[in-house]
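Architecture at a glance
Each chain is listed here by its residues.
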Amino acid sequence: MTHILHRQIHARLPVAAGGSGIELFDTEGRAYIDASGGAAVSCLGHGHPDIVQALRRQAETLAYAHTSFFTNEPAERLADRLIASAPEGISHAYFVSGGSEANEAAIKMARQYFVEKGEPQRRNIIARRQSYHGNTLGTLAAGGNEWRRAQFAPLLIETHHISPCYAYRHREEGESEAAYGQRAAQELEDKIRELGPDTVMAFMAEPVVGATAGAVPAVEGYFRRIREICDRHGVLLILDEVMCGMGRTGTMFACEQDGVRPDIVTIAKGLGGGYQPIGAALLSRDIFDAFAGGSGLFQHGHTYICHPMACAAALAVQEVIARDDLLQNVRDTGAYLRERLEARFGNHAHVGDIRGRGMFLGLELVADRSTKATFEPDAKLHARVKKEAMVRGLMVYPAGGTVDGRRGDHVLLAPPFILDRTAAEAIVERLGDALDAAVAQDFAGRLPA
Ligand SMILES: Cc1ncc(COP(=O)(O)O)c(C=O)c1O
């Protein structure tokens, strides 16, 4: 009998007892390769001695000091480090405890920026369908995942959504990727005009859509066009790199590969690698100047902003990634993992698309490759894949509702950056067996949706 309100009340979960490198262990002695870093979190794997030591040192020195009284060294050093490698124009960091808080702060920053600038009529946020920006009311409102929003809809602020840039599903027959990208981006301009350009404050998007769509990057040129549209209408571009940032795609920021500069970029998961809860909203000089030259404050705050333990963990994680040149491994072993996935699933009857960047990879599952028909949502193929993978000692991050919040299934992979080729092969082999077992059970007697 547990006294925790677990995510799934009737699920019987193994008890995590420890972890080392790319593996987690349960109290029954079973080992699991963590091929998803939980939810794209554990970028350094588990039990990394350098991070453990940094945490011990920080706990002995200073565990907590409230930010209305003090600043602290780990937070200052982490901010210096992040800003040094941030996209052009980004000048300051606001540290919180996770991704939802980071995006919530970003939304409020956007609003306060326009109030400070004397444009208080700007209040509309535009985001994309099938995106996930968090579970607080503000970020849930911004997100575009129907299933997550549905029961809370009466509580959510008004937001607006355009289509995602999702070539596998939305690019038309005969349409080039470039043309598709321009068409998808044009929806933003149309929406801004519909709402009235001087009422829109921000467009929010994940450069590579993670949990809700399964590692979907935009096509070439899409985000550059988005940036032009935002600039034309004075709209802020908020990029949510909570999942895809901090090296996950092979560059420190995912948006580097799209050649685009955000006004605010949010980060979390891989920032602290799970060693502590931490997130951040990184903001531009322009926004900082508006606050500094206006009210002189950001009207927001939480008890745990700039938490010394969280910042010390993140600092150590980021130092190890740089010292061990792990982004090179994300690119090289990530490419190898993708190659193995293509060899195993490229002709698989139920894998329609293999996609992603670096060590952020997704497989979209289909009942029929030629028509791209999805499995029956009630079959919950994604849940079955997860279960079959766990039985085989493999953690992956599957989800349903890939296509429209209801239909479709995908599997997300986000292994630790320390992954080697042998482990990449083991992941593919176990995932192949898990998928075959899940499809064999589910497909029998069920018609595609
Ligand atoms: C892109 C993105 N944004 C925001 C969040 C919310 O982060 P958190 O769960 O840390 O609040 C997530 C979590 O999965 C995410 O993937």
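Data block above holds the structure.
My aim in this report is to walk through the structure given alongside it, one point at a time. Since we're looking at a predicted model, the values are computed, not measured.

With mixed pairing, the 4 strands of this open sheet are ordered in space as 1-2-3-15. Both edges of this open sheet fall to strand 1 (16-20) and strand 15 (394-395), since each of them pairs with a single strand only.

The 4 strands lie next to each other as 13-14-17-16, forming an open sheet whose pairing is antiparallel. Each edge of the sheet is formed by a strand with only one pairing partner; in this case those strands are strand 13 (351-357) and strand 16 (397-400). Strand-to-strand, the axes of this sheet are offset by a mean angle of 20°, without reference to chain direction. Alignment of strand 13 against strand 14 (residues 360-365), held across 6 bridges, turns out to be antiparallel. In the strand pairing of strand 14, Ile-354 is matched with Leu-363. Running over the sheet, helix 13 (residues 326-345) touches strand 13, strand 14 and strand 17 (409-413) and is turned about 175° from strand 13.

This paragraph deals with the packing of helix 2 (residues 49-61) against helix 12 (residues 308-323). Close contact between helix 2 and helix 12 brings their axes to 9 Å; oriented N to C, the two are set at 150°. The orientation of helix 2 relative to helix 12 falls into the category roughly antiparallel. The handedness of the crossing between helix 2 and helix 12 is right-handed. Here helix 2 contributes Asp-50, Ile-51, Ala-54, Leu-55, Gln-58 and Ala-59 to the contact with helix 12, which in turn contributes Pro-308, Met-309, Ala-312, Ala-313, Ala-316, Val-317, Val-320 and Arg-323. For the contact of helix 2 with helix 12, the residue count by class is 11 nonpolar, 1 polar and 2 charged.

This part covers the site of the ligand. Surveying the vicinity of the ligand reveals the residues Gly-98, Gly-99, Ser-100, Asn-103, Tyr-132, His-133, Gly-134, Glu-206, Asp-240, Val-242, Met-243 and Lys-269. The separation between a nitrogen atom of the ligand and a polar main-chain atom of Tyr-132 is 3.3 Å. Between the ligand and the protein, one listed contact pairs a nitrogen atom with a side-chain N or O atom of Asp-240 at 2.7 Å.

Thresholds applied
- Residues numbered from 1 in each chain as written.
- Predicted model: local features only at pLDDT ≥ 70, side-chain atom pairs only at ≥ 80, totals over all residues.
- Heavy atoms only, no water.
- Pairing = 2+ DSSP bridges.
- Helix = DSSP H or I, 4+ residues; strand = E, 2+ residues; numbered from the N terminus.
- Axes fitted to C-alpha atoms, helices over the stretch in contact; angles between N-to-C directions.
- Contact = heavy atoms within 4.5 Å.
- Parallel < 35°, antiparallel > 145°, perpendicular 65-115°, else oblique.
- Left-handed = near helix turned anticlockwise from the far one by under 90°.
- Nonpolar A, V, L, I, M, F, W, Y, C, P; charged D, E, K, R; others polar.
- Near = heavy atom within 4 Å.
- Polar contact = N/O pair within 3.5 Å; in protein donor to acceptor, adjacent residues only side chain to side chain.

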